[in-house]
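# Residue-level structural notes
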Amino acid sequence: MVYSGYFDGGAKPNPGEIGMGVSIVDEQQQEVDWGYAYKPYGTNNEAEYLSVILLMRQALHVGINKIKCFGDSQLVVKQINGDWSVSAP
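The structure reproduced in this document is the subject of the present report. (Residues numbered from 1 in each chain as written. Predicted model: local features only at pLDDT ≥ 70, side-chain atom pairs only at ≥ 80, totals over all residues. Heavy atoms only, no water.)

### Regarding the layout of surface pockets
Gaps left between atoms are located by rolling a probe of water-molecule size over the structure's atoms. Going by this rule: In this analysis, the protein atoms alone were mapped onto a 1 Å grid. Cavities are point sets where a 1.4 Å probe fits without being able to get out; pockets are open sets with protein on both sides within 12 Å along at least five of seven lines; lining residues have an atom within 4 Å of a point. Grid points are joined across faces, edges and corners, and a volume is the space filled by probe spheres set on the points. Helix and strand definitions follow DSSP, with helices as H or I runs of at least four residues and strands as E runs of at least two, each counted in order from the N terminus. Gly falls in the polar group here, along with every residue not listed as nonpolar (Ala, Val, Leu, Ile, Met, Phe, Trp, Tyr, Cys, Pro) or charged (Asp, Glu, Lys, Arg).
Counted as a void, the largest pocket has a volume near 200 Å³. Contributing to the lining of the largest pocket are Asn45, Glu46, Tyr49, Leu75, Gln79, Val86, Ser87, Ala88 and Pro89. At three residues, helix α1 (residues 44–61) tops the list of elements feeding residues into the lining of the largest pocket. Residues of the lining of the largest pocket, tallied by class, amount to five nonpolar, three polar and one charged.

Below, the structure is given as structure tokens:
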């Protein structure tokens, strides 16, 4: 079975309070798991990275070890795919 995972994170203001959310769906687009998290302070980019980490943890928690990931952060997507370099740890 092929699963898809969606992640998003944001800060308000930036930097400020951050929230992260994820959803995992099966081939029929039925949600099989979801999650969210909050931190009192961070940047938008930190929120996006923490959301993809949350997605990976949720997938492993329900026994999924192969998943297609989708997010709207060009920075996170390009860096994870190796298209852009990462300058910070």
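Now that the structure has been shown, the text picks up again.
### Side note on the pairing of strand β2 (residues 16–25)
Rules: Using a 1.4 Å probe on the protein chains alone, a residue whose accessible area is under 20% of its type maximum counts as buried, one over 50% counts as exposed, and one in between counts as partly exposed. Here the rule is simple: two strands pair whenever DSSP picks up at least two bridges between them.
Of all the ten residues making up β2, seven are buried; the element is thus mostly covered by neighbouring parts of the structure. Pairing between strand β1 (residues 3–12) and β2: nine bridges, direction antiparallel. Its bridge partner being in β2, Asp8 is matched across the sheet by Gly21. Two successive antiparallel strands, β1 and β2, enclose a turn made up of three residues. In the sheet, β2 pairs with strand β3 (residues 31–42) via nine bridges, with the strands oriented antiparallel. When the sheet's bridge partners are listed, Ile18 is paired in β3 with Lys39. Between β2 and β3, which pair antiparallel in sequence order, lie five residues; one of them, Gln29, sits at a positive phi of approximately 65°.

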